[in-house]
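Read off the chains here:
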Amino acid sequence: METVRIDKYLWAIRVFKTRSEATEACNGGKVKIAGVNAKASKGVKVGDVIEIRKASVLFTYRIIRLTESRMGAQLVPDFAENLTPDSELQKLRAPRETIILSRDRGSGRPTKKDRRQLDELMDGFDF
């Protein structure tokens, strides 16, 4: 086996829960091989560096060995080396700010203006 489809490989090393999620990420431009966007059918080989954007974190992996079958989490380090910098991993640990909005009881549903203000407030946060 010289190459494996990128979507199969990402699913096999447990980056994505399903292969269809991996395919969507590839087709959505969230997966790059050596800095170039990768379609789901793109073949990867040993030594390739893969970048995956999930939420606000950019994960980076180097392929050590190829596989098409899903494995246990303990075996993943034998197949892919995690090169993700600590600064990116800190984004996962960052506390989420909780916004509590309160409305007067009985004031009814928000108006269009209220909704626009809410949307402006929420634009500053990345969920």
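Residues numbered from 1 in each chain as written. Predicted model: local features only at pLDDT ≥ 70, side-chain atom pairs only at ≥ 80, totals over all residues. Heavy atoms only, no water.

**Overview of the overall build of the protein**
Just so we agree on the cut-off: Secondary structure elements follow DSSP: runs of H or I of four or more residues count as helices, runs of E of two or more count as strands, with numbering from the N terminus. Note that the radius of gyration is over C-alpha atoms, with the globule rule given as 2.2 Å times the number of residues to the power 0.38. Three exposure classes are used, based on accessible area relative to the maximum for each residue type with a 1.4 Å probe and protein chains only: buried under 20%, partly exposed in between, and exposed over 50%. Only heavy atoms enter the contact rule, under which two residues are in contact if any of them lie within 4.5 Å. Throughout, the Shrake-Rupley method with a 1.4 Å probe supplies accessible areas, and for residues the shown protein chains are the sole cover considered.
Summing up its helical and strand segments, the protein has four helices and seven strands in all. Reading the secondary structure of the protein in the N-to-C direction produces β-α-α-β-β-β-β-β-β-α-α. Against the compact-globule benchmark of 14 Å for 127 residues, the protein has a radius of gyration of 20 Å, which places it well outside the compact range. Over its C-alpha atoms, taken along the principal directions, the protein stretches across nearly 65 × 25 × 25 Å. Each of the 127 residues in the protein was classed as buried or not, and the buried ones make up 27%. Contacts in the protein between residues at least 24 apart in sequence constitute 45% of all its contacts with a sequence separation of at least 6. Per element, the accessible surface of the protein, about 9,000 Å² overall, is 49% carbon and sulfur.

**Brief notes about the nonpolar core**
For clarity, the cut-off: Among buried residues, those of type Ala, Val, Leu, Ile, Met, Phe, Trp, Tyr and Cys that are joined through side-chain atoms within 4.5 Å constitute a nonpolar core.
Core analysis: the biggest nonpolar cluster contains 27 residues, and I6, Y9, L10, I13, V31, I50 and I52 have the highest contact counts within it. Counting only elements with at least two residues in this core, the list comes to helix 1 (6-12), helix 2 (19-27), strand 2 (31-33), strand 5 (49-54) and strand 6 (57-63). Ranked by the residues each element gives to this core, the list is headed by strand 6, at four residues. Once residues lying within four places of it in the same chain are set aside, the contact partners of V31 are I6, L10, A25, C26, V36, N37, A38, I50, E51 and I52.

**Here we look at the sheet that holds strand 5**
Note the cut-off: At least two bridges found by DSSP between two strands are what make those strands a pair.
Spatially, 3-2-5-6-7 is the arrangement adopted by the five strands of the open sheet, whose pairing is antiparallel. The open sheet has two free edges, formed respectively by strand 3 (36-37) and strand 7 (80-82), since each of these has just one partner strand. As judged from the six bridges shared by strand 5 and strand 6, these two strands associate in the antiparallel manner. Within the sheet, the bridge partner assigned to E51 lies in strand 6 and is T60.

**Focus on helix 2**
Operational definition: It is the directions from the helix axis to the C-beta atoms whose arc is reported.
For helix 2, every residue scored as buried is listed here: A22, A25 and C26. Burial along helix 2 is one-sided: seen end-on, the buried residues are contained in an arc of 100°. The secondary structure elements touched by the buried residues of helix 2 are helix 1 and strand 2. Trailing helix 2 by a residue or two, G29 shows a phi angle of about 80°, which is positive.

**Focus: the packing of aromatic side chains**
Keep this limit in mind: Any pair of Phe, Tyr and Trp rings, taking the six-membered ring for Trp, is counted once the centres come within 6.5 Å. Such a pair is stacked with planes under 30 degrees apart, edge-to-face with planes over 60 apart, and tilted for the rest. Counted as over-ring charges are cases with an Arg CZ or a Lys NZ within 6 Å of the ring centre that also lie within 35 degrees of the ring normal.
Tallied over the full model, the rule gives zero aromatic pairs. Sitting above the plane of the F16 ring, K54 keeps its charged end 5.0 Å from the centroid. Above the plane of the ring of F79 lies R65, whose end atom (NZ or CZ) is 4.4 Å from the centre.

**Looking at the pairing of strand 5**
Judged from the three bridges that link them, strand 2 and strand 5 form a sheet pairing that is antiparallel. Looking across to strand 5, one finds that K32 is bridged to E51. Hairpin geometry of strand 5 and strand 6 is characterised by an intervening segment of two residues between the two adjacent antiparallel strands and by a positive phi of about 55° at A55.

Remember, this is a structural readout, not a statement about activity or role.
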